[in-house]
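Structure assessment
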Amino acid sequence: MVKRKTKAKVTKKSTKKTQQRGGLSPDKYLNDDQLKKVRQYAKDRADLARMRGGSRAVIDELLVELFVNTGLRASELCDLNIADLPITHSKSSVWVRDGKGKVSRVVDISEKLQKRLERFVKLHRKGASADDPLLISEQGGRMQYRSVYAKIKSVGKKAGIGKLHPHMLRHTYLTRLYNVEKDLRFVQDQAGHASPTTTAIYAKTNNTARKRQVETLDDEEF
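Throughout what follows, the structure given in this document is the object of discussion. (Residues numbered from 1 in each chain as written. Predicted model: local features only at pLDDT ≥ 70, side-chain atom pairs only at ≥ 80, totals over all residues. Heavy atoms only, no water.)

**Describing the packing of helix 7 (residues 166-181) against helix 8 (residues 184-191)**
In the contact formed by helix 7 and helix 8, the axes pass within 9 Å of each other and the chain directions differ by 155°. Here helix 8 runs roughly antiparallel to helix 7, going by the angle between their axes. Helix 8 is crossed by helix 7, and the crossing has right-handed handedness. Touching Arg-170, Tyr-173, Leu-174, Leu-177 and Tyr-178 of helix 7 are Leu-184, Phe-186, Val-187, Gln-190 and Ala-191, all from helix 8. (Axes fitted to C-alpha atoms, helices over the stretch in contact; angles between N-to-C directions. Helix = DSSP H or I, 4+ residues; strand = E, 2+ residues; numbered from the N terminus. Parallel < 35°, antiparallel > 145°, perpendicular 65-115°, else oblique. Left-handed = near helix turned anticlockwise from the far one by under 90°. Contact = heavy atoms within 4.5 Å.)

**Concerning the pattern of salt bridges**
Scanning all chains against the criterion turns up 17 salt bridges. Here Arg-50 ties to Asp-47 by a salt bridge, and the two come within 2.8 Å at their closest N and O atoms. Highlighted residues: Arg-50 and Asp-47, both in helix 1 (residues 32-52), separated by three residues, approximately one helical turn. With a relative accessible area of 41%, Arg-50 lands in the partly exposed category. On the accessibility criterion, Asp-47 (27% relative accessible area) is partly exposed. For the salt bridge of Arg-97 with Asp-84, the shortest nitrogen-to-oxygen distance reads 2.4 Å. Linking Arg-97 in the loop between strand 1 (93-96) and strand 2 (105-108) with Asp-84 in the loop between helix 3 (74-78) and helix 4 (86-89), this pair joins segments that are 13 residues apart in sequence. Several salt bridges converge on common partners, so that one network encompasses Lys-43, Asp-47, Arg-50, Glu-61 and Arg-116. (Salt bridge = Lys/Arg side-chain N within 4 Å of Asp/Glu carboxyl O. Buried < 20%, exposed > 50% of the residue type's maximum accessible area, 1.4 Å probe, protein only.)

**Focus on the environment of Leu-135**
In this structure, Leu-135 sits in the loop between helix 5 (111-124) and helix 6 (145-158). A C-alpha to C-alpha distance of 18 Å links Leu-135 and Arg-170, two positions 35 residues apart in sequence. With residues up to four places along the chain from it excluded, the contact list for Leu-135 reads Ile-59, Leu-62, Leu-63, Leu-77, Phe-120, Gly-141, Arg-142 and Met-143.

Everything listed here is a matter of geometry and, on its own, says nothing about what the molecule does.
Next up, the structure:
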């Protein structure tokens, strides 16, 4: 009698993506202390570079400050021209000409950032025309995404944060912005999101009102 071979039952692993509720996971944004470390490290290096007449660390600092004060995507930051800045158009905003989905938008910025950009252009982009890029590589061409990514990654590592990339700084900005006035529509406009549903995650991330509620419970006597 010939025995039939039985096929082993293969259990397929589910390919269904794990759903997430609540805000961003902790590895997607910086808390206040981490942000302070990153900005301080970038500033200290830039100050030293300015004393020595260098520019590389000054550019790194500008990258950090642009990300944490505009929430631009890395590709949008690389695409910025001098014509898109307040120094050219005299408005308190930067003009994103070609954002995600081929949609342009205006991103409001602080007076402090306006002055920083103006100073950078006058000192480090002297002689550049309005149609020239804000940021250029060491070879003289427009700075590319991979270069920006590498610079931010290096800053994070040397600042003692560990993993850091441009989109983490974007998430950090949008989370902090929501907590100022809880104005979800403004956050949506600044982010360039097509739907408020995409923006809603920032209302659930590091939320000051939610923190207050859990702290109140922990303060109760038992």
